[in-house]
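# Structural overview for review
Chain by chain, the residues run as shown.
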Amino acid sequence: MALSLNLPTAGGTLAPYALRGTAPVKPDAGIKFNRIAYSAAHVVADPLAAIDPWLQCAVDWDTTIAYRRHLFSLGLGVAEAMDTAQRGMGLDWPTSLELIRRSLDAAKDMPGALVASGCGTDHLNIDDVKSVDDVIRGYEEQMAAIEALGGKLIVMASRALARVAKSPADYERVYDRILSQAKQPVVLHWLGDMFDPALAGYWGTKDVDAAMDTALGIIAAHPQKVDGIKISLLDKDKEIAMRRRLSLGVRMYTGDDFNYAELIAGDGFGGEPTHGKSDALLGIFDAIAPAASAALGALAQGNTEKFHAILGPTVPLSRHIFAAPTRFYKTGVVFMAWLNGHQKHFTMVGGQQSTRSLPHFAELFRLADAANLLEQPELAVQRMKTLLALHGVES
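Residues numbered from 1 in each chain as written. Predicted model: local features only at pLDDT ≥ 70, side-chain atom pairs only at ≥ 80, totals over all residues. Heavy atoms only, no water.

### Description of the overall build of the protein
The condition is simple: Runs of E in the DSSP output that reach at least two residues are strands. Runs of H or I that reach at least four are helices, and both are numbered from the N terminus. Working definition: with a 1.4 Å probe on protein chains only, accessible area under 20% of the residue-type maximum means buried, over 50% means exposed, and in between means partly exposed. The contact rule is simple, with two residues in contact once any of their heavy atoms fall within 4.5 Å. Per-residue and other accessible areas follow the Shrake-Rupley method at a 1.4 Å probe size, with only the shown protein chains counted as cover for residues. Only four residue types enter the tally: Lys and Arg on the positive side, Asp and Glu on the negative side; His and the chain ends are excluded. For the purpose of locating charges, the reference atoms are NZ of Lys, CZ of Arg, CG of Asp and CD of Glu.
For the protein, the count of helices and strands is 15 helices and ten strands. Seen through its C-alpha atoms, the protein measures out along the principal axes to roughly 65 × 50 × 45 Å. Within the protein, the proportion of its 395 residues that are buried is 54%. Sequence-distant contacts in the protein: of pairs separated by 6 or more residues, those separated by 24 or more amount to 72%. Of the roughly 15900 Å² of accessible surface on the protein, a fraction of 52% belongs to carbon and sulfur atoms. Here the protein contributes 38 positively and 44 negatively charged side chains, and the mean placements of these two sets differ by 2 Å.

### Some thoughts on the pairing of strand β2 (residues 14–18)
Selection criterion: DSSP bridges decide pairing: two strands pair if at least two such bridges lie between them.
In terms of strand pairing, strand β1 (residues 4–8) meets β2 through five bridges, oriented antiparallel. When the sheet's bridge partners are listed, L5 is paired in β2 with Y17. From the end of β1 to the start of β2, which pair antiparallel, there are five residues, and G12 there has a positive phi angle of about 90°.

### Here's the deal with the sheet that holds strand β4 (residues 77–80)
Rule in force here: Geometry is summarised by axes, namely lines fitted to C-alpha atoms with helices restricted to the contacting stretch, and by angles between N-to-C directions that run from 0 to 180 degrees.
The parallel closed barrel is built from eight strands, whose spatial order is β3-β4-β5-β6-β7-β8-β9-β10. Strand-to-strand twist of the sheet, defined as the mean angle between neighbouring strand axes without regard to direction, takes the value 25°. For strand β6 (residues 152–155) and strand β7 (residues 186–191), the ladder comprises two bridges, and the chain directions are parallel. Looking at β7, one finds that V155 is bridged to L188. Sitting on the sheet, helix α2 (residues 93–108) touches β4 and β5 (115–119), and the angle it makes with β5 is about 170°.

### Some thoughts on the nonpolar core
Worth spelling out the cut-off: Grouping buried Ala, Val, Leu, Ile, Met, Phe, Trp, Tyr and Cys residues that are joined through side-chain atoms within 4.5 Å yields what is termed a nonpolar core.
Of all hydrophobic cores here, the largest spans 123 residues; its most connected members are Y175, Y202, F285 and F365. Those residues in contact with F285, other than ones at most four positions away along the chain, are A37, Y38, S39, L71, L76, Y260, I264, A280, A292 and L296. The next biggest cluster of nonpolar side chains, apart from the first, holds ten residues, and it includes A40, A116, I154 and V187.

That is the geometry; function is a separate question.
In structure tokens, the structure reads:
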């Protein structure tokens, strides 16, 4: 007999829903990917900590690192202490640095495990930042701390820089300084304002094409110091256009949680391999990790049809999780981890579990089932019913 429950609808009523009963795909062991794939990973809050959740940060370290080991076991790298980990939305810099340290230690136990870590300026009091030099010093402080741990840098977009920069030249000055000092090639990070409104006008202009010119110029000036650039604009055409113009050997890491399947598959454009496909640095890979691993394995074996058959059904779920206001997508990612038994509770750093509505979670549940992503269906139904009961709904 199919598992079933009553779920809220967008119209404010309840309707019966029966699970499909399709087993989640299991990735084949030992397959090497032909794309670099980082999952930006979430953190697990400590619900027993006696803190003020809106003001203080408490992390369940054991469960948080166990999830990173899970990602490593699937062949996925970890993009650490990024916005998926609620950087700038509950996760402060001291806790971020401890998270980076623990992730790097965990990776040492798993041969081939990749970790790249977010380096930003979020430790600065933004009201005290008056100049580009203040921003540079902020970046340098975090760079030094991460590199002292042996970490690879993801140079995150800076709210402070967006606030004080007066022109593209200010961005060029900051990134020239940072890249010239980096000990190993970095990943640059271009996060659209749909993810963070404070980053509007990044690269010195609200014209995306002009901003792209500035970013490409910075990369061209330091091609040996840039492994790649992650862009999260939710615009596949802009990503493809930029990908085709990157300096030779510089990768495009898709951050497009709406169109990742086709961007990773690529279009085969040009003679330079990195111009015809995207690698991945995605928050959604946290929520769909087994499917992402299985799809990437199929792609590496040349089975593009299987790649799309696995990954295609996950796209509607991702578009729902990342729906506007997009910055609240982390709530859906953590909800998926709870449904699938990777953590015992649905509470978040900063109390962010409150940012989405019950109908949103109900539709997320339906879409996760449709994409064959519920790893333990009985548990998922039990936990969905718990959430419903907390909202006064008897299912």
